[in-house]
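Residue strings, one per chain:
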Amino acid sequence: MNSSNNKLRINHLTRHIPFCLILGIIIGVNGCATTTKDTSATNQTDPYENFNRKVYGFNDGVDDYVAKPVADTYKFITPDFMETGVTNFFNNLKTINVVINDVLQAKFEQSGRDTGRFLMNSTLGMAGLFDVAKTVGLDQNDEDFEQTLAVWGVPQGSYLVLPLLGPITTRGIPGAVFDTAANPASYVGAPIQVISLINTRANAEGALKFIDEAALDPYVFTRESFLQWRNHLATDGKTDASSDLDNIDADLLSDDQSTDKKADTNTNTVSRIKEPLSSDTNIVTPKNTPTSTPSNTNKLQILPPDVSNVEKKSTGHTINNLGAVKNKIANPLKK
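Scope of this entry: the structure provided in the associated data block.

### Structural notes on the overall build of the protein chain
Okay, so step 1: When you go through the protein chain residue by residue, the secondary structure sums to 13 helices and two strands.
Okay, so step 2: In the protein chain, buried positions account for 32% of the 335 residues.
Okay, so step 3: At a minimum sequence separation of 6, the contacts of the protein chain that also span at least 24 residues come to 68%.
Okay, so step 4: Counting only carbon and sulfur atoms, one obtains 62% of the accessible surface of the protein chain, whose full area is about 21200 Å².

As structure tokens, this is what we get:
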């Protein structure tokens, strides 16, 4: 799960891009998209799919030939505990932005816990290199300004794929600008930002490999997973929970219907068994079985009173049958 989240976080590299560069890319996207509209424009979520696919292919090539070799080298020369420490350090800096968005979304109780988490990791955790707060139950939350805009009622907008930056929505563009300004890592210098990007790409290796190997269409898989992930964050998982409840209700309804059908079938079977015998029903009784009283005429006697006579007749009948079979075997059939 962590690798999947890291894969999606790498698509939010806009936090480390200056504001003017983002605006320039947006203008270029809008200008190119207006000239490359085709039948895919009918998709309201991804109206610029033709252009987005081209940018996705470009980003994929840059990742294969630049980002992946650098990330692999970083993972090879860096011990695991150092990688964990670097990840914890940047996540701790990100907590400041999380606290701000907690307040903007009126999540005051969560903002208090996130503030305590930041203070604990910044002191006892040696500037965030160790995630001490997690050991006491203060898990890390993921809040950003795009989620705040979603809480305020701003629509998601169209899906876009920006060069070198990855997927984003039109609502996420101003959110990325705000998060970049609120993140202290944006002001510590380019070397620290480069380390942050390399570390993020290294943590996303497993998720990227899974997409390349398992997805029939990596572009569609990335788009759908990204939008679902953003929607999950914006609604705090309520949309996923409601859909799961709907599926459970549908399953229970189908089970109830099948149970009712089985109950109806069993009821019909029992009712048929309990139906009284009609007057036209013929009951066969063994020969030489006397009827005791008229009240027992409708009852079937399994053992006749004179068992010896029955055994003699059955034995004689069996001997006759064996003799007939022997004759058929000895004498060939005639035409």
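### Some details on the pattern of salt bridges
Okay, so step 1: This structure, assessed with the given rule, holds 18 salt bridges.
Okay, so step 2: Measuring nitrogen to oxygen at the nearest pair gives 3.0 Å for the salt bridge that ties arginine 53 to glutamate 49. Pair noted here: arginine 53 and glutamate 49 are both in helix H3 (residues 49-77), with a separation of four residues, about one helical turn.
Okay, so step 3: You can call arginine 53 partly exposed: its relative accessible area is 32%.
Okay, so step 4: In this structure glutamate 49 comes out as buried when scored by relative accessible area, which is 17%.
Okay, so step 5: With a closest N to O distance of 2.9 Å, lysine 68 and aspartate 72 form a salt bridge. Of this pair, lysine 68 and aspartate 72 both sit in helix H3, four residues apart, which is roughly one turn of that helix.
Okay, so step 6: Residue lysine 68 is classed as partly exposed on the basis of its relative accessible area, which comes to 28%.
Okay, so step 7: The structure contains a network of salt bridges with shared partners spanning Asp46, Glu49, Arg53, Asp217, Arg223 and Glu224.

### Focus on the packing of aromatic side chains
Okay, so step 1: As enumerated under the stated definition, the model contains seven aromatic pairs in all.
Okay, so step 2: Arginine 230 extends its terminal NZ or CZ atom over the ring of tryptophan 229, reaching a point 5.2 Å from the ring centre.

### What to know about the nonpolar core
Okay, so step 1: Membership of the largest hydrophobic core is limited to nine residues, which are Phe51, Val55, Tyr159, Val161, Tyr219, Phe226, Leu227, Trp229 and Leu233.
Okay, so step 2: Counting residues per element, the ones that place at least two in this core are H3, strand E1 (159-162) and helix H11 (218-234).
Okay, so step 3: Broken down by element, the residue count for this core peaks at five residues, all from H11.
Okay, so step 4: Leucine 233 has contacts with Asp142 and Gln147, leaving out every residue within four places of it along the chain.
Okay, so step 5: Among the nonpolar cores identified, the runner-up in size contains seven residues, and Tyr48, Leu160, Leu165 and Ile173 belong to it.

### Focus: helix H4 (residues 80-104)
Okay, so step 1: The end-to-end C-alpha separation of H4 is 36 Å, in line with the 36 Å expected for 25 residues at 1.5 Å each.
Okay, so step 2: The sharpest bend along H4 reaches about 25° and sits at isoleucine 96.
Okay, so step 3: One or two steps after H4, the chain reaches alanine 106, where phi turns positive at roughly 60°.

### Regarding a negative patch on the surface
Okay, so step 1: The grouping of Asp60, Asp64, Asp212 and Glu213 at the surface amounts to a negative patch.
Okay, so step 2: Those elements that provide at least two residues to the negative patch are H3 and helix H10 (205-214).
Okay, so step 3: Following the sequence through the fold, glutamate 213 ends up in helix H10.
Okay, so step 4: Given a relative accessible area of 60%, glutamate 213 falls into the exposed group.

### So, the environment of proline 174
Okay, so step 1: Among the secondary structure elements, proline 174 is positioned in helix H8 (residues 172-182).
Okay, so step 2: Counting along the chain gives 25 residues from proline 174 to leucine 149, while the straight-line C-alpha distance between them is 9.1 Å.
Okay, so step 3: In this structure, proline 174 is in contact with Phe145 and Leu149, ignoring residues within four places of it in sequence.

### Details of helix H5 (residues 108-123)
Okay, so step 1: In a regular helix each residue adds 1.5 Å, so 16 residues correspond to 22 Å; H5 covers 23 Å between its end C-alpha atoms and thus fits that length.
Okay, so step 2: Looking only at H5, the buried set comprises Gln110, Ser111, Asp114, Arg117 and Asn121. Looking down the long axis of H5, one finds its buried residues gathered within 120° of arc, a one-sided arrangement. Residues of H5 that are exposed and point over 90 degrees away from its buried face: Phe108, Glu109 and Thr123.
Okay, so step 3: For H5, the elements touching its buried residues are H4 and helix H6 (132-135).

Procedures and definitions
Residues numbered from 1 in each chain as written. Predicted model: local features only at pLDDT ≥ 70, side-chain atom pairs only at ≥ 80, totals over all residues. Heavy atoms only, no water. Helix = DSSP H or I, 4+ residues; strand = E, 2+ residues; numbered from the N terminus. Buried < 20%, exposed > 50% of the residue type's maximum accessible area, 1.4 Å probe, protein only. Contact = heavy atoms within 4.5 Å. Areas by Shrake-Rupley, 256 points an atom, 1.4 Å probe, with all protein chains shown as cover. Salt bridge = Lys/Arg side-chain N within 4 Å of Asp/Glu carboxyl O. Phe/Tyr/Trp six-rings, centres within 6.5 Å; stacked < 30°, edge-to-face > 60°. Lys NZ or Arg CZ within 6 Å of the ring centre and 35° of its normal. Core = buried A, V, L, I, M, F, W, Y, C linked by side-chain atoms within 4.5 Å. Expected span 1.5 Å × (residues − 1). Bend = angle between axes of the 7 residues up to and from the residue. Patch = residues over 30% accessible without salt bridge, like charges linked within 9 Å, V, L, I, M, F, W, Y side chains within 5 Å. Lys, Arg positive; Asp, Glu negative; His and termini not counted. Charge placed at Lys NZ, Arg CZ, Asp CG, Glu CD. Arc of directions from axis to C-beta.

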